[in-house]
Amino acid sequence: MLNLLQAEILKQRKLTFIKVVTLAPVVGVGILSVLLIALKLFGNDFGPVPTRTGNMGGGLIGYSSGYILNGLASLYSFGLVLVAGQAVNNEYNWSTIKMLATREPSRTRIILSKALFMVVYSLFILLIFIGCWLFYAFVLKIVFNDTLGLTEQDSDALGRGLEYIWPTFLGFLVWSLLSIALTTRFKSVVGAFIAFIVYSTVDGLASSLGVAANHGQLDGLVSWLKPIVAILKIIGPFLINTNITRLTNNTESAAFLSSLAPVQSLLVLVGWGAFFTWLAVLVFNRRDITD
């Protein structure tokens, strides 16, 4: 399995699309940082240190979280879904799928190598975003003439940011595993992406309604809707968006359910990831590789 994973990494790292997805946050933050420092050098007065409160904390580390973690990083659910889809679909585009299926005695291992690649890649992108976030916060400290050391407020924001970002990317990983299953089924990145958009939208809506049902906010509906409310109460705590939101402690979200234990949310997300991987294995094992 390790050999398959190494081969997968060597194969995927050569793709231009993956290079773009990987380097985009570094390039974006780098350009923005250069512009800010250039303005500082040319005498621009940035004024007092901006204040920002909320789930991400205060200070410039908390302030930068809003742009890097809540902003730029939030787009990477789409990036990881597309990367996962490309990892499967390119085997058909390159006509290498038959060679893989005949050379490797276990088709399950082929799919698992794709899933493991996404685990490694998701972790790599997570580390890149953490680096970009902290670097941007450092640049902001320079341009706002703030102390470069960690204040108590900075330490709190740092902890909040790390607490937010790892569950976010765990959720992105789960969606990427769904993309592997969908692309294996449809043999099309576009088809898989459309199906992901539909599925994630329905999951998000059901998560918000499920939380509202568990908080008793839907109890006043007409009687014929009560069975639907009862179902939402049951399935709400087991939906992907509900559990991502719970782990990130995003209390401002309509999908936040405080009664959920973080350990339960972690297990639910791991379970969804395992389920999507199993679906991909099931489809691939039953497929006629000549079709």
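To keep things clear, this report deals only with the structure shown in the data block. The structure presented is a predicted model; accordingly, all values stated were derived computationally and were not measured.

1. Considerations on the overall build of the protein
Helix and strand content of the protein: 11 helices and zero strands. Taken from the N to the C terminus, the helices and strands of the protein come in the order α-α-α-α-α-α-α-α-α-α-α. Dimensions along the principal axes, computed over C-alpha positions, put the protein at roughly 65 × 55 × 30 Å. Across the 291 residues that make up the protein, the buried fraction comes to 46%. The contacts of the protein with a sequence gap of at least 6 include a subset with a gap of at least 24, amounting to 78%. Working note: accessible area of the protein is about 14,400 Å², and carbon and sulfur atoms make up 68% of it. Positive and negative charge centroids in the protein, built from 20 and 14 side chains respectively, lie 12 Å apart.

2. Here's the deal with helix H3 (residues 59-72)
For H3, with 14 residues, the first-to-last C-alpha span of 19 Å sits near the 20 Å given by 1.5 Å per residue. At Ser 65, H3 shows its maximal kink, close to 40°. In terms of burial, H3 is a largely internal element, 10 of the 14 residues being buried. All of the buried residues along H3 are Gly 59, Leu 60, Ile 61, Gly 62, Tyr 63, Ser 64, Ser 65, Gly 66, Ile 68 and Leu 69. Against helix H2 (16-41), helix H6 (107-143) and helix H7 (152-186) lie the buried residues of H3.

3. Section: the side chain of Asn 89
Within the fold, Asn 89 resides in helix H4 (residues 76-93). We classify Asn 89 as buried; its relative accessible area is 9%. Every residue in contact with Asn 89, bar those within four places of it in the chain, is listed here: Thr 183, Lys 187, Ser 188 and Val 189.

Rules used in this analysis
- Residues numbered from 1 in each chain as written.
- Predicted model: local features only at pLDDT ≥ 70, side-chain atom pairs only at ≥ 80, totals over all residues.
- Heavy atoms only, no water.
- Helix = DSSP H or I, 4+ residues; strand = E, 2+ residues; numbered from the N terminus.
- Buried < 20%, exposed > 50% of the residue type's maximum accessible area, 1.4 Å probe, protein only.
- Contact = heavy atoms within 4.5 Å.
- Areas by Shrake-Rupley, 256 points an atom, 1.4 Å probe, with all protein chains shown as cover.
- Lys, Arg positive; Asp, Glu negative; His and termini not counted.
- Charge placed at Lys NZ, Arg CZ, Asp CG, Glu CD.
- Expected span 1.5 Å × (residues − 1).
- Bend = angle between axes of the 7 residues up to and from the residue.

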